[in-house]
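# Commentary on secondary and tertiary structure
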Amino acid sequence: MTRTTRIDDLPLRDELRGKSPYGAPQLDVPVRLNTNENPYPLPEELVRRIAERVSDAARGLNRYPDRDAVGLRTALAGYLTETTGHRVGPTQVWAANGSNEILQQLLQAFGGPGRTALGFDPSYSMHALIARGTGTGWISGGRDAHDFTIDEPAAVDFITEQRPDVLFICSPNNPTGTAVAPETVRALYDAAQAAAKGRHGALVVVDEAYAEFSHRPSLLPMIEGRPNLVISRTMSKAFGAAGLRLGYLAADPALVDAVQLVRLPYHLSAVTQATAHAALEFSQTLLGYVEELKSERDRLVRELRAMDLEVTDSDANFVQFGRFADPHAFWEKVLEHGVLIRDNGVPGRLRVSVGTRAENDTFLDAVRAALKDTH
Ligand code: PMP
């Protein structure tokens, strides 16, 4: 079909005009280390278990799925209890199609026109994009320019001045890999409650998409006694199931009730629920892969530092490194050597996701070669 209408000819919302959709390049190169995926395919035994569970679900596909996904939420609560040592039940857990949908549902319920969300950049760009998509104003706070931590007193002052309705804390943070200390989360939570315009306080979202890779324990126990704190998680990273699209949250049961006001009915397909359930049965095996990735991550940090590069401490399955006068030119050089990494637009820096040992070796060789080319 010949295209005669352009997007700007449509009666589009003003705030979406001239904007681009989220998009990491999906290039066909031998080593792809650009989207923080888990490099290990699911084990064959789990693939067979998924097939079994999905076959069972298929027999009932003439019916809508369990709307509240109670079975899956019970399994997720079990996983969180086991891995954090903090007891949570199914009424404290909610699931959706990827944690992006979790974040969207949170902003639909707690953000919206006339309200604002605040985050500390550079951080996960979808926080601002989902804010825009839900009509929520976005306020960008900063981070330390050298180690990318959140400067607690400065952040408390900024929150007090800006009075956001929703506060995002990404820990470990994408794209920098930086974990946030529980004392800082406590201070920012308290500041957001004290500054809030309404008498019900402000929502604080801790995005823990990379929690399993951290040197630090999960912040999940902090939901106790903090009804406005929500922990967002995903099966896309540690579970190696980015293609599954399963994200979840843990919070006070009242917050789970609130999210149900905006979720689409039957949003989580029976196939998704069955697949996620099967993956949770294999969590111990999958967490074994996470241990390997953590030691590979630490190796990448060491090896890049040995090349005299400036490497940000990482608690995630990716590493931010620099500094480059022209990061994009260096990104292209690495690509010429067959390795796709990420230019997130952070000044002077690039990001690499942790791959298999062989992929990481190829990446390190590519960086060495690219450094030689540029000297
Ligand atoms: N939060 C963070 C910090 C992320 O980096 C990502 C994925 N890149 C997500 C949330 C969303 O992941 P998903 O929708 O696959 O759960």
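Conventions we followed
Residues numbered from 1 in each chain as written. Predicted model: local features only at pLDDT ≥ 70, side-chain atom pairs only at ≥ 80, totals over all residues. Heavy atoms only, no water. Helix = DSSP H or I, 4+ residues; strand = E, 2+ residues; numbered from the N terminus. Rg over C-alpha atoms; globule rule 2.2 N^0.38 Å. Buried < 20%, exposed > 50% of the residue type's maximum accessible area, 1.4 Å probe, protein only. Areas by Shrake-Rupley, 256 points an atom, 1.4 Å probe, with all protein chains shown as cover. Lys, Arg positive; Asp, Glu negative; His and termini not counted. Charge placed at Lys NZ, Arg CZ, Asp CG, Glu CD. Axes fitted to C-alpha atoms, helices over the stretch in contact; angles between N-to-C directions. Parallel < 35°, antiparallel > 145°, perpendicular 65-115°, else oblique. Left-handed = near helix turned anticlockwise from the far one by under 90°. Contact = heavy atoms within 4.5 Å. Nonpolar A, V, L, I, M, F, W, Y, C, P; charged D, E, K, R; others polar. Pairing = 2+ DSSP bridges. Expected span 1.5 Å × (residues − 1). Core = buried A, V, L, I, M, F, W, Y, C linked by side-chain atoms within 4.5 Å. Domains from an automatic or database assignment. Patch = residues over 30% accessible without salt bridge, like charges linked within 9 Å, V, L, I, M, F, W, Y side chains within 5 Å. Salt bridge = Lys/Arg side-chain N within 4 Å of Asp/Glu carboxyl O. Buried area = accessible area lost by both parts, 1.4 Å probe. Near = heavy atom within 4 Å. Polar contact = N/O pair within 3.5 Å; in protein donor to acceptor, adjacent residues only side chain to side chain.

All right, on to the overall build of the protein then. For the protein, the count of helices and strands is eleven helices and twelve strands. Taken against the 2.2 N^0.38 rule, which gives 21 Å for 375 residues, the C-alpha radius of gyration of the protein at 21 Å falls within 12% of a compact globule. Viewed in the frame of its principal axes, the protein has a C-alpha envelope of about 60 × 55 × 55 Å. Classification of the 375 residues of the protein by burial places 51% in the buried group. A total accessible area of about 17300 Å² is found for the protein, and carbon and sulfur atoms account for 50% of it. Distance from the positive charge centre (40 side chains) to the negative charge centre (48 side chains) of the protein: 4 Å.

A few words now on the packing of helix α9 (residues 283-306) against helix α11 (residues 357-374). As a packed pair, α9 and α11 sit with axes 11 Å apart at the nearest point and diverge in direction by 15°. The orientation of α9 with respect to α11, classified from their angle, is roughly parallel. For the pair α9 and α11, the sense of crossing is right-handed. Across the interface between the two elements, E296, R299, L300, E303 and L304 of α9 pack against R357, N360, D361, F363, L364, V367 and R368 of α11. Split by residue class, the contact of α9 with α11 holds five nonpolar, one polar and six charged.

This paragraph deals with the pairing of strand β4 (residues 137-141). In the sheet, strand β3 (residues 116-120) pairs with β4 via five bridges, with the strands oriented parallel. Looking at the pairing, G119 lines up with S140 of β4.

The next subject is the environment of A366. Within the element layout of this structure, A366 appears in helix α11. Look at A366 and you get buried, because its relative accessible area is 2%. Spatially, the C-alpha atom of A366 lies 7.2 Å from that of V339, the residues being 27 residues apart in sequence. In this structure A366 touches V334, H337 and V339, once residues within four positions along its chain are discounted.

Before going further, it helps to examine α9. End to end, α9 covers 34 Å across 24 residues, agreeing with the expected 34 Å (1.5 Å per residue, within 8%). When α9 is considered as a whole, its buried residues turn out to be S283, L286, L287, V290, L293, K294, E296, R297, R299, L300, V301 and L304. Positive backbone phi, approximately 70°, marks D308, located one or two places after α9.

Glancing now at the nonpolar core. If you look at the biggest cluster of nonpolar residues, it comprises 87 residues, and the most contacted ones within it are M235, L246, L304, F321, I341 and F363. Of the residues forming this core, the biggest block, seven residues, is contributed by α9. Here this core gathers at least three residues from each of two domains, domain 1 (24-43 + 284-374) and domain 2 (59-281). The next biggest cluster of nonpolar side chains, apart from the first, holds 21 residues, and it includes A96, I102, V205 and V256.

Another point: a negative patch on the surface. A contiguous patch of negative charge, built from D144, D147, D151, D157 and E161, is present on the exposed surface. Considering the arrangement of structural elements, one finds D151 in the loop between β4 and α5 (152-162). Take D151: its relative accessible area is 43%, and that puts it in the partly exposed class.

Below, the discussion takes up the domain arrangement of the protein. Segmentation of the protein into domains returns domain 1 (24-43 + 284-374) and domain 2 (59-281). Averaged C-alpha coordinates put domain 1 and domain 2 at centres separated by 26 Å. Each side of the interface is counted separately: domain 1 has 26 residues, and domain 2 has 27 residues. Taken together, both faces of the contact between domain 1 and domain 2 bury some 2100 Å²; the carbon and sulfur share is 55%.

Moving on, we get to the site of the ligand. Contacts to the ligand come from 13 residues, most closely from S99, D207, Y210, T234 and S236. Interatomic distance of 2.6 Å between a side-chain N/O atom of Y210 and an oxygen atom of the ligand. The side chain of R245 places a nitrogen or oxygen atom 2.7 Å from an oxygen atom of the ligand. Relative to its free-state accessible area of 400 Å², the ligand is covered by the protein chains to the extent of 94%.

Turning our attention to the sheet that holds strand β7 (residues 229-234). The strand order β2-β8-β7-β6-β5-β3-β4 describes an open sheet built from seven strands, whose pairing is mixed. Two strands in the sheet have a free side with no partner beyond their single neighbour: β2 (93-96) and β4. Looking at each pair of strands side by side, their axes are set apart by 25° on average, direction ignored. Bridging between β2 and strand β8 (residues 247-250) involves four bridges; their strand directions are antiparallel. Paired with W94 across the two strands is L249, which belongs to β8. Across the sheet, helix α3 (residues 98-110) touches β2, β3, β5 (166-170), β6 (203-207), β7 and β8, and the angle it forms with β2 is around 115°. Relative to the sheet, helix α4 (residues 125-133) contacts β4, β5 and β6, its axis offset from that of β4 by approximately 155°.

It is worth spelling out the sheet that holds strand β12 (residues 350-353) at this point. The sheet built from three strands is open, its strands ordered β9-β10-β12 with antiparallel pairing. If you trace the sheet from one side to the other, it starts and ends with β9 (310-311) and β12, each paired once. Relative to β12, strand β10 (residues 318-322) is paired through four bridges, and the arrangement is antiparallel. The partner of F318 across the bridge, within β12, is S353. Running at roughly 10° to β10, α9 makes contact with β9, β10 and β12 of the sheet.

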